[in-house]
Amino acid sequence: QLVESGGGLVQAGASLRLSCGASGRAFTYHTMAWFRQSPGKEREFVARISMGGGSTAYADSVKGRFTISRDNDQSTMNLQMNNLEPEDKAVYYCAATPGNSWALVPEAFDYWGEGTQVTVSS
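Residues numbered from 1 in each chain as written. Predicted model: local features only at pLDDT ≥ 70, side-chain atom pairs only at ≥ 80, totals over all residues. Heavy atoms only, no water.

Caption draft 1: Expanded view of the sheet that holds strand β8 (residues 76-81). Judged by pairing direction, the sheet is antiparallel, and its four strands sit side by side in the order β1-β3-β8-β7 without closing on themselves. In this open sheet, the two edge strands, each paired with only one partner strand, are β1 (2-5) and β7 (66-71). When the angles between neighbouring strand axes are averaged without regard to direction, this sheet yields 15 degrees. Here β1 pairs with strand β3 (residues 16-22) via four bridges, running antiparallel. Opposite S5, over in β3, you have S19 as the bridge partner. (Pairing = 2+ DSSP bridges. Helix = DSSP H or I, 4+ residues; strand = E, 2+ residues; numbered from the N terminus. Axes fitted to C-alpha atoms, helices over the stretch in contact; angles between N-to-C directions.)

Structure representation (structure tokens):
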């Protein structure tokens, strides 16, 4: 089970930190990712982190502003979002898939949280 937290309403230029908590002992053996979805749009890739945390990937739209990290001891994953833009407004989802994965599409991820809303006002 994946549970996101940390969403909210902020002004453009502000920061937010999203967290994803996972139940179970298998967290370490899953590639984790963040996706987001805005109304009327498809779910899109935001960031991905490997099982050990040594490899990360980002969507071009968030590169340099967002940082993904994980703590395997605590079974948590975070997304530090800086310099938020109105275009970042979306529901953000935590996702997981077993093993190491280099996928960037939602279909490749097996487990999902319920999402947390991020709203950025201009």
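Caption draft 2: Fine view of the environment of L79. Along the chain, L79 turns up in strand β8. Since its relative accessible area comes to 0%, L79 is described here as buried. The spacing of L79 and T56 is 23 residues in sequence and 12 Å in space, taken between C-alpha atoms. The residues contacting L79, other than those within four sequence positions of it, are L16, R17, L18, W34, V46, A47, F66, T67, I68 and Y92. (Buried < 20%, exposed > 50% of the residue type's maximum accessible area, 1.4 Å probe, protein only. Contact = heavy atoms within 4.5 Å.)

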